[in-house]
Amino acid sequence: MSSVVTSLLVIVFVLFSLLTTASLLIWLERRLLALWQDRYGPNRVGPFGLGQVLADMIKIFFKEDWTPPFADRPVFVIAPTFIVITALMSFAVVPFSPSILVSDIDIGVLFFLAMSSLGVYSVALAGWASNNKYALLGALRASAQMLAYEVFMGLSLMGVVAITGSFSMQAIVKAQENIWFIVLQPIGFVIFMIAGIAETHRIPFDLPEAESELVAGFHSEYSGMKFGMFFVGEYIGITLISALLVTLFMGGWHGPFLPPVLWFFIKVFFFICGFILLRASLPRMRYDQLMAFGWKLMLPLSLLNLMATGAVILWSS
Amino acid sequence: MLRKMFDVLEGLYSHLRSMGLVLKHTFAKRVTVQYPEEKPPLAPRWRGRIVLTRDPDGEERCVGCYLCAVACPVDCISLQAAEREEDGRRYPEFFRINFSRCIFCGYCEEACPTYAIQLTPDFEMCEYNRQNLVYEKQDLLISGVGKYPGYNFYNVAGLATKGKPKGQHENEDAPVDVRSLLP
């Protein structure tokens, strides 16, 4: 009985902290982008402009939730929920601390990879159901991009899995007690980070929603809270990738003095700021460059990394 | 192959460098002027809210010549001239500027022969009601001299006014008797 209550509490904690983070990220991103462009950003509503989050939410809830008459209505309505659901599901396997963890399944890493692959459906279906050529182009790009980057995203994690000898997230974190995997797997870390940015389609890889080319890409036809779902999904995606970078490469909740949950959040916050810095500084890639970069550089590199890791493990055993 | 690897490394370096340069802006001074708390400095010749000034004696400078209304490209000035009973000095009976039309071009100030109408460094004149942007004479008239402290049109105009015949004004010679110059 008590274990049920505990896991319910953990689920509520995870959902609450995630949705809060996702909404606060809107504010954080605007403030940080402004900081790096020598502006102030939203600083009027409430202390430090934090009330902007609430104002934005109220605004987006009261917007007209319009479905275009030419759209495929059921799919159009369902598509935005996918991206949020899959991103939230992935958090089920992320260990926040030794005890705060929704489910420590043996195939945690695989579960995450499966969920992030399912996330493609959201974008692809949204673009398809919109019945709009820009949305379709965005969806096509997103599908191709996510397929390409999914492959070496998985491969880049295999080094970590091979060292730990387990797919379980908690086991991976525990294996980093003495040395973080970023030291043992620097190439894996970089590849996973690049793939993660591409998975969340953030700035250097934001071709699916390239404003200057495709209006708004796959969510051109979306408005109101349906658009808000894509927005929230993107921010949860950023949090997810940051959380996984921390869990798999940066020692998870390990850290001196402070409680483990706090360490986890500090590290995740650091990576989120890194994502925003990327957005502030880098331009968008060209589409063919993106594909060439994925297939011709990152994939061989991740394979080489995996082979080298395997060789070293065999050598030392 | 080597060339390609070098290209990749160079690209990596340039990306990291641009990220570092952006990160340095964390400590840069922000260019935003936080307006209501922090007022931007306005130039002394800023063309803002229009006022009607008075001469050093405290009389209205405006003589109701309509030149401002003629010069105004958007026709936002309207006035009616009148003459004072006791000395025949002209003044505007009403003077109305519709600031919802005014484009603050300053042509009225340029046209004014008596320095009466002047533009001031003030732009904060928002209203919730459009009708409130129509300024009447009592809203426009200030009790000061504006940009030209010593200037009094009637002292240099060469016109006879009450108590001052021709030739009695500032820097003015006595009137020449043209007939006396005849041979």
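Residues numbered from 1 in each chain as written. Chains lettered and ligands numbered in written order. Predicted model: local features only at pLDDT ≥ 70, side-chain atom pairs only at ≥ 80, totals over all residues. Heavy atoms only, no water.

### A few points about the overall build of chain A
What counts here: Each helix is a run of H or I in the DSSP string that is no shorter than four residues. Each strand is a run of E no shorter than two, and both are numbered from the N terminus. For this measure, only C-alpha atoms enter the radius of gyration; the expected value for a globule follows 2.2 Å times N^0.38, where N is the number of residues. The classification of residues rests on relative accessible area computed with a 1.4 Å probe and restricted to protein chains. Under 20% of the type maximum is buried, over 50% is exposed, and intermediate values are partly exposed. Note on contacts: a residue pair qualifies if any of its non-hydrogen atoms lie within 4.5 Å across the two residues. Accessible surface is estimated by sampling points in the Shrake-Rupley manner with a 1.4 Å probe; for residues, cover comes only from the protein chains shown.
Counting its secondary structure elements, chain A contains 12 helices and 0 strands. Since a compact globule built from 317 residues should have a radius of gyration of about 20 Å, the 20 Å found for chain A is in line with a globular shape. Based on the C-alpha atoms only, the size of chain A along its principal axes is roughly 65 × 45 × 45 Å. Looking at chain A as a whole, 52% of its 317 residues qualify as buried. Taking as baseline every contact in chain A between residues at least 6 positions apart, the subset at least 24 positions apart corresponds to 77%. Of the roughly 14,400 Å² that chain A leaves accessible, carbon and sulfur atoms contribute 74%.

### Comments concerning the overall build of chain B
Counting its regular elements, chain B contains 5 helices and 5 strands. Listed N to C, the secondary structure of chain B is α-β-α-β-β-α-β-β-α-α in terms of helices and strands. C-alpha extents for chain B along the principal axes are approximately 105 × 50 × 30 Å. A burial count over chain B gives 28% of its 183 residues as buried. Within chain B, counting contacts between residues at least 6 apart in sequence, those at least 24 apart form 68% of the total.

### Considerations on the state of the cysteines
All names here are of chain B. Under the convention used in this document: Cysteine sulfur atoms that come within 2.5 Å of each other are treated as a disulfide pair.
Tallied over the full model, the rule gives 0 disulfides over all chains. The thiol of Cys62 is not disulfide-bonded; the next cysteine sulfur, from Cys68, is found 6.2 Å away. Exposure remark for Cys62: the relative accessible area of 10% places this residue in the buried category.

### Description of the interface of chain B and chain A
Quick note on the threshold: Buried area counts how much accessible surface, traced with a 1.4 Å probe, disappears from two parts once they are put together, with both parts' losses summed. Salt bridges are defined by distance alone: a side-chain nitrogen of Lys or Arg within 4 Å of a carboxyl oxygen of Asp or Glu.
Across the boundary between the two partners, chain B contributes 16 residues, which contact 14 residues of chain A. For the pair chain B and chain A, the two sides together bury roughly 1,500 Å², of which 60% comes from carbon and sulfur. In this structure, the connection of chain B to chain A is made through 1 salt bridge. Among the salt bridges present, the one from Glu37 of chain B reaches Arg44 of chain A, with a minimum N-O distance of 3.1 Å.

### Structural notes on the sheet that holds strand S3 (residues 90-98) of chain B
All names here are of chain B. Let me state the cut-off plainly: Paired strands, in this sense, are two strands between which DSSP finds at least two bridges.
Pairing within the open sheet is antiparallel, and its 3 strands lie in the order S2-S3-S5. Sheet topology places strand S2 (77-83) and strand S5 (134-135) at the edges, where each strand pairs with a single neighbour. Bridge analysis of S2 against S3 gives 7 bridges, and the strand direction is antiparallel. Within S3, the residue paired with Glu83 across the bridge is Arg90.

### Remarks on the domain arrangement of chain B
Here is the rule: These domain boundaries are the output of an automatic or database domain assignment.
Taken domain by domain, chain B comprises domain 1 (1-31) and domain 2 (50-149). Using C-alpha coordinates to define each centre, domain 1 of chain B is positioned 59 Å away from domain 2 of chain B.

### Describing the pattern of salt bridges
Close approach of charged atoms allows side chains with opposite charge to pair. Residue and element names in this part refer to chain A. Applying the stated criterion across every chain yields a total of 17 salt bridges over all chains. For Glu234, the salt bridge is made with Arg202, and the minimal N-O distance between the two is 3.3 Å. Of the two residues, Glu234 is situated in helix H10 (residues 224-249) and Arg202 in the loop between helix H8 (186-199) and helix H9 (211-214); the sequence distance between them amounts to 32 residues. In this pair, the class of Glu234 matches that of Arg202, namely buried.

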